[in-house]
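Single-letter residue listing:
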Amino acid sequence: MLFRSAILDSGIDPKHSFFQRESSSRITFAKDFTGEGTTYDYYGQGTHVASIAAAGPVANSLYQGVASNANLLNLRVLDSKGLGKLSSVLNALDWVVTNRLRFGIRVVNMSLGEDISSATLNQQVQNTAARGIYIAIAAGNDNQPARNFSPANAVGSNIFTVT
């Protein structure tokens, strides 16, 4: 089974050239947790984040993602305006834990956060990481200490907050 990374964000553009491999997409699964009924990335952030993580080499391109051969799971937790609900993120993380072996999920990327510290979210992140899944969490974009916000302040093995 190939390495797979779950991107919890605003969706991923499945037709973007960065995620194509010959005649197929490296986005092997997509699920909407927002209730909008789509996994397409109307906001743009999820596609951007996914390309940093796993953009494959494109003809005449000097750039590719950190894990350029990884397959992706598009777990859309932010809506078309880039906004989300705690319940969407918790449900997506629960889905990851339940389906980790079926889909070979090794990494979860979460470039999102709350304006507060949430014990519930941090516990779910820790629970997911305890299953051997590496969690990459964005430290935030507000020039504030990550220790004050979830999930960036979640602590444990396999949990990495990055800037």
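Since this is a predicted model, take the numbers as computed values, not measurements.

Moving on, we come to the confidence of the model for the protein. Looking at the protein, the pLDDT average stands at 92 and 97% of residues meet or exceed 70. The element-level mean pLDDT for the protein is lowest in strand S2 (residues 20–21), coming to 83, with helix H3 (residues 119–129) highest at 98.

For the rest of this paragraph, the subject is helix H2 (residues 86–103). An α-helical segment advances 3.6 residues per turn. Residues three or four places apart therefore align on the same side. Between its first and last C-alpha, H2 extends 24 Å over 18 residues, near the 26 Å set by a 1.5 Å rise per residue. At Val97, H2 is bent by approximately 40°, the largest bend along its length. Following H2 by one or two positions, Gly104 adopts a phi angle in the positive range, close to 65°.

On to a nonpolar patch on the surface, then. Together, Tyr134, Phe160 and Val162 make up an exposed nonpolar region whose accessible area comes to about 280 Å². Structurally, the position occupied by Val162 is in strand S8 (residues 159–162). A relative accessible area of 44% places Val162 in the partly exposed class.

Turning to its location among the elements, Ser150 is positioned in the loop between strand S7 (134–138) and S8. At a separation of 3.1 Å, a polar atom in the side chain of Ser150 contacts the side chain of Asn122. Ignoring any residue separated from it by four or fewer positions in sequence, one finds Ser150 in contact with Gly113, Glu114, Ile116, Ser117, Ser118, Leu121 and Asn122.

A separate point is the pattern of salt bridges. Following the criterion strictly, the structure yields two salt bridges and no others. Here Arg76 ties to Glu36 by a salt bridge, and the two come within 2.7 Å at their closest N and O atoms. Separated by 40 residues along the polypeptide, Arg76 in strand S5 (residues 71–76) and Glu36 in the loop between strand S4 (27–32) and helix H1 (45–54) bring together distant segments of the chain. Linked by salt bridges that have partners in common, Asp32, Glu36 and Arg76 make up one network.

Now for the nonpolar core. Grouped together as the largest cluster of nonpolar side chains are 29 residues, with contacts concentrated most on Leu8, Ile105, Val108, Met110, Val125 and Ile135. At the level of secondary structure, the elements contributing two or more residues to this core comprise strand S1 (4–9), S5, H2, strand S6 (105–110), H3 and S7. Element by element, the count of residues in this core is highest for H2, at seven residues. Not counting residues up to four positions away in its chain, the partners in contact with Leu8 are Leu75, Val77, Val89, Ala92, Leu93, Val108, Asn109, Met110, Ser111 and Leu112.

Among all residues save glycine, negative phi is the norm, and among peptide bonds the norm is trans. Going from Ser150 to Pro151, the amide bond is cis rather than trans, its omega being 0°. Its location among the elements puts Pro151 in the loop between S7 and S8. A positive phi angle is found at Asn158, which is not glycine, with a value near 70°. The residue Asn158 is located in the loop between S7 and S8 in this model.

Listed as buried for H3 are Leu121, Asn122, Gln124, Val125, Thr128 and Ala129. The buried residues of H3 all sit within an arc of 160° when viewed along its axis, so they share a single face. For H3, the elements touching its buried residues are H2, S6, S7 and S8.

Basis of the calculations
Residues numbered from 1 in each chain as written. Predicted model: local features only at pLDDT ≥ 70, side-chain atom pairs only at ≥ 80, totals over all residues. Heavy atoms only, no water. pLDDT = per-residue confidence, 0-100. Helix = DSSP H or I, 4+ residues; strand = E, 2+ residues; numbered from the N terminus. Expected span 1.5 Å × (residues − 1). Bend = angle between axes of the 7 residues up to and from the residue. Patch = residues over 30% accessible without salt bridge, like charges linked within 9 Å, V, L, I, M, F, W, Y side chains within 5 Å. Areas by Shrake-Rupley, 256 points an atom, 1.4 Å probe, with all protein chains shown as cover. Salt bridge = Lys/Arg side-chain N within 4 Å of Asp/Glu carboxyl O. Buried < 20%, exposed > 50% of the residue type's maximum accessible area, 1.4 Å probe, protein only. Polar contact = N/O pair within 3.5 Å; in protein donor to acceptor, adjacent residues only side chain to side chain. Contact = heavy atoms within 4.5 Å. Core = buried A, V, L, I, M, F, W, Y, C linked by side-chain atoms within 4.5 Å. Arc of directions from axis to C-beta.

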